[in-house]
Amino acid sequence: MDKHEGKTKHCGGGVRLGIQAVATLIQNANFKGFFTGKIYTGKSKQVCVPGLNCYSCPGAIGACPVGSLQNFLSGRKFRFPYYVLGILLFVGALLGRVVCGFLCPFGLLQDLLYLIPFYKKNQFLLDKYLRYLKYAVLAVLVIILPLCLPLTPTFCKYVCPSGTIAGIISYFTQPIIRSQMGKLFSWKLIVLGIIVVSGLIVYRPFCKYLCPLGAFYGFFNRFALVRMHLDEGKCVHCSACANACKMNIDPSRKPNSMECIRCGDCVRACPKSALYIGVKGSEK
Amino acid sequence: MKKHFLIEKNIIAILLLLLGAGLIAFGIHSGQMKAVLNKASRVCMECIGIG
């Protein structure tokens, strides 16, 4: 029996949902754009946001780090992406996948989808193998193919669901763009549809299996300034944390797993307060 | 003493933060912020599914 089957568990407390909502609103503060369809062109767009938020979304006031990275890699003349990589490295070293749990707009969308009462099957046989897919997406679609195919941001073009949402908004607000949409848009709609439907059944399928940003930040989970700490002396190995984890990790064994999005469900579930998320050495 | 302990326990994160900050500074110096703005202030046709 799946530990989440037949019930819709609250996505890590109202506080986190509130922070996610505020972060999404801040990153998409060009509200006028949602009605006019015109994208924001102000100076804040020279700064990459930490999460997955398409810069072609009419609401976006920042640049997408994945899109910007591919733009540098697939340019006619290769330029090493110091700036974008620096931002990713800085954010990763500071927060790791806290970004996924608290700041990513597409993460919020998936959290809301999972709250919808529906058939839940969060653990299945292929789950652990599909997790590796996101590393392949990062390596192949975000790095290798853009390097080999000039002017082709492969991940954005064929997969990115955030871009598809931007496309849907443009479809309804920009008649010129609507008239140009064809097979590629249909393909992207299918990809988005699969992610949305699977998001009703599985918790955060895009983050688990496809997100290149989550794959990148995952490497920093062990070293990030803000990370999870387990007090071995307090842990009674009751598995309450593992049972609470919707990313299917056992925090008592791997508190800094690359899959952990720092939602804090395990921290709240621990009866002995053996887990905490914070900066090591800053405890009172 | 506590400050020393804090640095010791987070040395890798601190080094990576410094590296990240250095890369950002070098990127800004080489005009890469403008390149990001240039791309982000135009509609990315591939991203929205036009190609």
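Worth saying up front: this structure is predicted, and the values here are computed from it rather than measured.

Q: Could you give an account of the overall build of chain A, naming the residues involved and the relevant values?
A: If you tally the helices and strands in chain A, you get 16 helices and 2 strands. For 284 residues, the compact-globule estimate of 2.2 N^0.38 gives 19 Å, and chain A sits close to it at 19 Å. Viewed in the frame of its principal axes, chain A has a C-alpha envelope of about 60 × 40 × 35 Å. Considering chain A as a whole, with its 284 residues, one finds that 56% of them fall into the buried category. Considering only contacts in chain A between residues 6 or more positions apart, those separated by 24 or more positions represent 74%. Counting only carbon and sulfur atoms, one obtains 69% of the accessible surface of chain A, whose full area is about 12500 Å². Looking at charge distribution, chain A has the averaged site of its 34 positive side-chain charges lying 14 Å from that of its 10 negative ones.

Q: Describe the overall build of chain B, and please don't skip the residues or the numbers.
A: Secondary structure assignment for chain B yields 4 helices and 0 strands. Taken from N to C terminus, the helices and strands of chain B fall in the order α-α-α-α. Here the C-alpha radius of gyration of chain B, 18 Å, is well above what a compact globule of 51 residues would show, namely 10 Å. Overall, chain B is about 55 × 25 × 10 Å in size when its C-alpha atoms are taken along their principal axes.

Q: Account for the packing of helix α10 (residues 161-173) of chain A against helix α12 (residues 183-201) of chain A, with residues named and values stated.
A: Two measures define how a pair of helices packs: the angle their axes make with one another and the distance between the axes. All names here are of chain A. One can describe the packing of α10 onto α12 by two numbers: an axis separation of 9 Å at closest approach and a directional angle of 120 degrees. Between α10 and α12, the angle is such that the two are oblique. Seen along the crossing, α10 lies across α12 with a hand that is left-handed. In this structure, α10 contributes Pro-161, Gly-163, Thr-164, Ile-165, Gly-167, Ile-168 and Tyr-171 to the contact, and α12 contributes Phe-185, Lys-188, Leu-189, Leu-192 and Ile-195. Among the residues forming the contact of α10 with α12, the class breakdown is 8 nonpolar, 3 polar and 1 charged.

Q: Could you give an account of the packing of helix α6 (residues 105-115) of chain A against α12 of chain A, with specific residues and numbers?
A: Residues and elements named next belong to chain A. It is the contact of α6 with α12, at a shortest axis distance of 7 Å, that shows an interaxial angle of 50 degrees. On the basis of the axis angle, α6 is oblique to α12. Crossing geometry of α6 relative to α12 is assigned as right-handed. In this structure, α6 uses Phe-106, Leu-113 and Tyr-114 to contact α12, whose residues at the interface are Leu-192, Ile-195, Val-196, Gly-199, Leu-200 and Ile-201.

Q: Break down α6 of chain A for me, with residues and values.
A: Burial analysis of α6 of chain A places 8 of its 11 residues in the buried class, which makes it a mostly covered element. Where α6 of chain A is buried, its residues meet α1 (14-27), α5 (98-103), α10, α12 and α13 (205-209) of chain A.

Q: Break down a nonpolar patch on the surface for me, with residues and values.
A: Side chains of Phe-78, Phe-80, Val-140, Ile-143, Ile-144 and Leu-147 of chain A sit close together on the surface and give an oily, nonpolar patch of about 510 Å² of accessible area. Under the relative-accessibility criterion, Val-140 of chain A is labelled partly exposed at 37%.

Q: If you had to explain the environment of Leu-73 of chain A to someone new, which residues and values would you point to?
A: Residues and elements named next belong to chain A. Note that Leu-73 resides in helix α3 (residues 65-73). Note: C-alpha distance between Leu-73 and Asp-111 (38 residues apart in sequence) is 32 Å. Contact partners of Leu-73, with chain neighbours within four places excluded, come to Phe-78, Pro-81, Val-142, Ile-143, Pro-146 and Leu-147.

Q: I'd like a description of the packing of aromatic side chains, backed by residues and values.
A: Across all of its chains, the model carries 10 aromatic pairs over all chains by this definition. On the numbers, 5.3 Å between centres and 70 degrees between planes, the contact of Tyr-114 of chain A with Tyr-203 of chain A is edge-to-face. Here Tyr-203 of chain A lies in the loop between α12 and α13 and Tyr-114 of chain A lies in helix α6, a separation of 89 residues in the sequence. Judged by its relative accessible area of 0%, Tyr-114 of chain A falls in the buried class. Overall, Tyr-203 of chain A belongs to the buried group, its relative accessible area being 1%. Centre to centre, the rings of Phe-216 of chain A and Tyr-217 of chain A are 6.1 Å apart; their planes meet at 65 degrees, and the pair counts as edge-to-face. One exposure class covers both Phe-216 of chain A and Tyr-217 of chain A, and it is buried. Put simply, the rings of Phe-80 and Tyr-82 of chain A together with Phe-26 of chain B pair up and form one aromatic cluster.

Q: Can you explain the interface of chain B and chain A? Please cite residues and give values.
A: Taken residue by residue, the interface counts 34 residues in chain B and 53 residues in chain A. Note on chain B versus chain A: buried area summed over both sides is about 3700 Å², and carbon and sulfur give 73% of it. Area buried by chain B at its contact with chain A is led by Gln-32, Cys-47 and Ile-48 of chain B, which between them contribute 16% of it. Run the count over chain B and chain A and you get 0 salt bridges.

Q: Describe in detail the domain arrangement of chain A, supporting the description with residues and values.
A: All names here are of chain A. Looking at chain A, the domain boundaries give domain 1 (14-218) and domain 2 (227-279). Computed from C-alpha coordinates alone, the two centres of domain 1 and domain 2 are separated by 27 Å. Facing the 17 residues of domain 1 at the interface are 9 residues of domain 2. In total, about 1300 Å² of surface goes out of reach between domain 1 and domain 2, with carbon and sulfur atoms giving 54% of it. Contact with domain 2 buries surface across domain 1, with Arg-97, Arg-131 and Tyr-203 losing the most and accounting together for 37% of the total. Here domain 1 and domain 2 share 2 salt bridges between them.

What counts, and at which threshold
Residues numbered from 1 in each chain as written. Chains lettered and ligands numbered in written order. Predicted model: local features only at pLDDT ≥ 70, side-chain atom pairs only at ≥ 80, totals over all residues. Heavy atoms only, no water. Helix = DSSP H or I, 4+ residues; strand = E, 2+ residues; numbered from the N terminus. Rg over C-alpha atoms; globule rule 2.2 N^0.38 Å. Buried < 20%, exposed > 50% of the residue type's maximum accessible area, 1.4 Å probe, protein only. Contact = heavy atoms within 4.5 Å. Areas by Shrake-Rupley, 256 points an atom, 1.4 Å probe, with all protein chains shown as cover. Lys, Arg positive; Asp, Glu negative; His and termini not counted. Charge placed at Lys NZ, Arg CZ, Asp CG, Glu CD. Axes fitted to C-alpha atoms, helices over the stretch in contact; angles between N-to-C directions. Parallel < 35°, antiparallel > 145°, perpendicular 65-115°, else oblique. Left-handed = near helix turned anticlockwise from the far one by under 90°. Nonpolar A, V, L, I, M, F, W, Y, C, P; charged D, E, K, R; others polar. Patch = residues over 30% accessible without salt bridge, like charges linked within 9 Å, V, L, I, M, F, W, Y side chains within 5 Å. Salt bridge = Lys/Arg side-chain N within 4 Å of Asp/Glu carboxyl O. Phe/Tyr/Trp six-rings, centres within 6.5 Å; stacked < 30°, edge-to-face > 60°. Buried area = accessible area lost by both parts, 1.4 Å probe. Domains from an automatic or database assignment.

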